[in-house]
Amino acid sequence: VMKLNPQQAPLYGDSVITVQLTEEDKVEDDVVFYLVFTGSSVQHCTSTRKINPGSLETISPGHDCCETVKVALCASREGHPVLVVAEESFQFVQDEAYDAAQFLATCAGNQQALNFTRFLDRSRPPAADVDFLDEKVALAFRHLKLPAEWNVLGADQSLTENIPRETLMHFAVRLGLLRLTWFLLQQPGGRGALSIHNNEGATPVSLALERGYQKLHQLLTEEEAREPDSWSTLSHTVHSGDYSVKHHRGLGVYMLTAEA
């Protein structure tokens, strides 16, 4: 039996899982371990990284629904058949960050909801919490299956640029959410949101300046602004037909996902 820690991960994945091996599985250096997660409609295979002789590390894949899946630990060695050495169950759950991303995605053009997000700002969370929130919500947002017509400014595109209003971009900038801001910039309506004034006459750009968020201000104003370094530890995905491959730069772990 192997021990997985933790035994669950958010739907959007990208969290570290530690695998404790039993005595008999601690084997020679030339054995390569990987995990196979089998869900009801999707299967993932992840490579692992050895931390010490008794434990491995991997990254949880993003999954398509909340469910308990079967995880098999496989060992492969050149010239030998692949062996399944242990099995365990693992749960994919919808966490608060996922709920938050869904809420924000649905309230893109909703002024009441966006004004509620301003209320949140009065109890400004400490920087470490902001960073955590930023990473998790941006990851969750990336994992949402946004409808084709989704737009940062909401569904009603007939609103002219001149109407003062809150936007999702104001929200992300006001809290100093660098990754979320970067994500929104890449979406339809993201760039357009930069010039929209709210009721106090502030644009996302002027908010960044006023709050002293220099990195964020650069991100919004520089032509050649590149994605924030903070993303570099996260996974980058390449899709091909029914398959996708993710590479987690931080741990050097690969994940292959296929429709089962």
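To be clear, the structure that these remarks concern was listed above.
Reading the values: the criteria
Residues numbered from 1 in each chain as written. Predicted model: local features only at pLDDT ≥ 70, side-chain atom pairs only at ≥ 80, totals over all residues. Heavy atoms only, no water. Pairing = 2+ DSSP bridges. Helix = DSSP H or I, 4+ residues; strand = E, 2+ residues; numbered from the N terminus. Axes fitted to C-alpha atoms, helices over the stretch in contact; angles between N-to-C directions. Patch = residues over 30% accessible without salt bridge, like charges linked within 9 Å, V, L, I, M, F, W, Y side chains within 5 Å. Areas by Shrake-Rupley, 256 points an atom, 1.4 Å probe, with all protein chains shown as cover. Salt bridge = Lys/Arg side-chain N within 4 Å of Asp/Glu carboxyl O. Buried < 20%, exposed > 50% of the residue type's maximum accessible area, 1.4 Å probe, protein only. Phe/Tyr/Trp six-rings, centres within 6.5 Å; stacked < 30°, edge-to-face > 60°.

Participant: Whenever I open this one, the sheet that holds strand E3 (residues 16-20) confuses me. Can you help?
Facilitator: Across a sheet, paired strands are connected by hydrogen bonds in the backbone, their directions being either parallel or antiparallel. Read from one edge to the other, the open sheet built from 4 strands follows the order E1-E3-E7-E6, with strand pairing classed as antiparallel. Where the open sheet ends on each side, the last strands, each with one partner, are strand E1 (3-5) and strand E6 (49-52). The mean inter-strand angle of the sheet, taken between neighbouring strand axes irrespective of direction, is 30 degrees. Where E1 and E3 come together, 3 bridges link them in antiparallel fashion. Each bridged residue has a counterpart across the sheet, and for Leu4 the counterpart in E3 is Val19.

Participant: Is there a simple way to explain a nonpolar patch on the surface in this structure?
Facilitator: A surface patch of nonpolar side chains, amounting to about 470 Å² of accessible area, comprises Val238, Tyr243, Val245, Tyr254 and Leu256. When contributions to the nonpolar patch are tallied by element, the ones reaching two or more residues are strand E11 (243-248) and strand E12 (253-259). With respect to the helices, strands and loops of the structure, Leu256 is situated in strand E12. Residue class for Leu256 comes out partly exposed when judged on its relative accessible area of 37%.

Participant: Please clarify how the packing of aromatic side chains should be interpreted in this entry.
Facilitator: Aromatic ring pairs: the centre-centre distance and the angle between the two ring planes describe each pair. Evaluated as defined, the whole model comprises 6 aromatic pairs. Consider the rings of Tyr12 and Tyr98, whose centres lie 6.5 Å apart with planes at 5 degrees: the pair is stacked. With Tyr12 in the loop between strand E2 (8-10) and E3 and Tyr98 in helix H1 (residues 96-106), the pair connects residues that are 86 residues apart, well separated along the chain. On the basis of relative accessibility, which here comes to 2%, the residue Tyr12 falls in the buried class. With a centroid separation of 5.6 Å and 80 degrees between ring planes, the pair formed by Phe37 and Phe90 is classed as edge-to-face. Placement of the pair is Phe37 in strand E4 (residues 32-38) and Phe90 in strand E9 (residues 83-93), with a sequence separation of 53 residues. Taken together through their ring pairs, the aromatic side chains of Phe37, Phe90 and Phe92 make up a single cluster.

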